[in-house]
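Observations on the model geometry
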Amino acid sequence: MLYAILCYNFEDVVGAWSPAEDAAVMARLGAVEAGLAAAERMGAAARLLPTTAAVTLRKGRGDWGRELMVIDGPFAETKEQLLGFYVVDCADLEGAIAVARDLAVANPDRGAYEIRPLAVYRPGSLAGAPSQVRGRKAHVRGAGA
C-alpha cells in the first residue's frame, strides 16, 4: 500500500539552519531514502519552497462557493508548516509509521510527520521511481474515502 508522509516543522527554524546544518540533515534523510529506494519502496519526495512563495486558491463563501479567490500564503490553522512529503510503499500502517520514525530520527529538530494512505494514485506521476512503486495501485475505499 502506498502512504504519503507529510513533513511538518517550523519554517523559520528550518530556514535559519546554516548550510552545514542543512546539508547534514539532508545527508541523514538521504540515507533513509537510499534504504527505501534499495528496497523499491521509495516513491516521490519533495521539499517545498517557503510558504512566502505559496498562494492558496479558495472558494468564496457567497453564491454557493462559485467564486474562486487566490490569496497569498497557505493560511493553514497550524503553527507548523508543511515543508515536504514522501510517498512510500509499505505493507501496512505500522510499516509507514516505522519509515516516519526513521525520518524523524534523521531530522532531530522538532516537527511532525502525518501519515496517510493514498486513495488515488496515478502511476505516470512517478516516472523516476522504481518500477515496483510506479506500477503499484493505492488502496481505494468506497465513497467518502
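The rules behind each value
Residues numbered from 1 in each chain as written. Predicted model: local features only at pLDDT ≥ 70, side-chain atom pairs only at ≥ 80, totals over all residues. Heavy atoms only, no water. Helix = DSSP H or I, 4+ residues; strand = E, 2+ residues; numbered from the N terminus. Contact = heavy atoms within 4.5 Å. Areas by Shrake-Rupley, 256 points an atom, 1.4 Å probe, with all protein chains shown as cover. pLDDT = per-residue confidence, 0-100. Pairing = 2+ DSSP bridges. Axes fitted to C-alpha atoms, helices over the stretch in contact; angles between N-to-C directions. Buried < 20%, exposed > 50% of the residue type's maximum accessible area, 1.4 Å probe, protein only. Polar contact = N/O pair within 3.5 Å; in protein donor to acceptor, adjacent residues only side chain to side chain. Salt bridge = Lys/Arg side-chain N within 4 Å of Asp/Glu carboxyl O.

Moving on: the overall build of the protein. Scanning the protein from N- to C-terminus turns up four helices and six strands. Ordered by position from the N terminus, the helices and strands of the protein form the series β-α-α-β-β-β-β-α-β-α. In the protein, once contacts between residues fewer than 6 apart in sequence are set aside, the share between residues at least 24 apart is 71%. Taken as a whole, the protein presents about 9300 Å² of accessible surface, with 58% of it coming from carbon and sulfur.

Per-residue confidence for the protein gives a mean pLDDT of 79; residues scoring 70 or more make up 70%. Taking the mean pLDDT of every element in the protein, the minimum, 48, falls on helix α4 (residues 131-134) and the maximum, 95, on helix α2 (residues 19-38). Residue range residues 137-145 is modelled with pLDDT below 50. Its contacts to residues more than four positions away, or to other chains, number eight contacts.

Glancing now at the sheet that holds strand β2 (residues 42-47). One open sheet accounts for four strands, arranged β2-β5-β1-β6; its pairing is antiparallel. If you trace the sheet from one side to the other, it starts and ends with β2 and β6 (112-117), each paired once. Strand after strand, the sheet turns through a mean of 20° between neighbouring axes, direction not considered. For β2 and strand β5 (residues 81-89), the ladder comprises four bridges, and the chain directions are antiparallel. Paired with Ala45 across the bridge in β5 is Tyr86. α2 rests against β2 and β5 of the sheet, and its axis sits at about 165° to β2. Taken strand by strand, helix α3 (residues 93-106) contacts β1 (2-9), β5 and β6, and its axis lies near 155° from that of β6.

We now examine the side chain of Asp89. Within the element layout of this structure, Asp89 appears in strand β5. For Asp89, a relative accessible area of 5% translates into the label buried. Polar contacts involving the side chain of Asp89 include one to the main-chain amide nitrogen of Met1, which spans 3.4 Å.

What follows deals with unusual backbone geometry. Glycine aside, negative phi is the norm for most residues, and most peptide bonds take the trans geometry. You will see that Glu40, though not glycine, has its phi angle at about 55°, which is positive. Within the element layout of this structure, Glu40 appears in the loop between α2 and β2. Of the residues examined, Glu40 reaches a relative accessible area of 33% and is grouped as partly exposed.

If you walk through the whole model with that rule in mind, you get two salt bridges. Glu114 serves as the salt-bridge partner of Arg116, at 2.5 Å between the closest nitrogen and oxygen. Overall, the relative accessible area of 25% leaves Glu114 in the partly exposed class.

Once that is clear, we can look at the environment of Leu36. Inspection of the secondary structure assignment puts Leu36 in helix α2. Given the relative accessible area of 6%, Leu36 is considered buried. Measuring from C-alpha to C-alpha, the distance between Leu36 and Val99 comes to 8.6 Å, with 63 residues separating the pair along the chain. Ignoring sequence-local partners within four residues, the contact set of Leu36 consists of Arg41, Met42, Val88 and Val99.

Among the secondary structure elements, Arg110 is positioned in the loop between α3 and β6. By relative accessible area, Arg110 is classed as exposed at 57%. In the structure, Arg110 is positioned 96 residues away from Val14 in sequence and 9.6 Å away in space, judged by C-alpha atoms. Once residues lying within four places of it in the same chain are set aside, the contact partners of Arg110 are Asn9 and Phe10.

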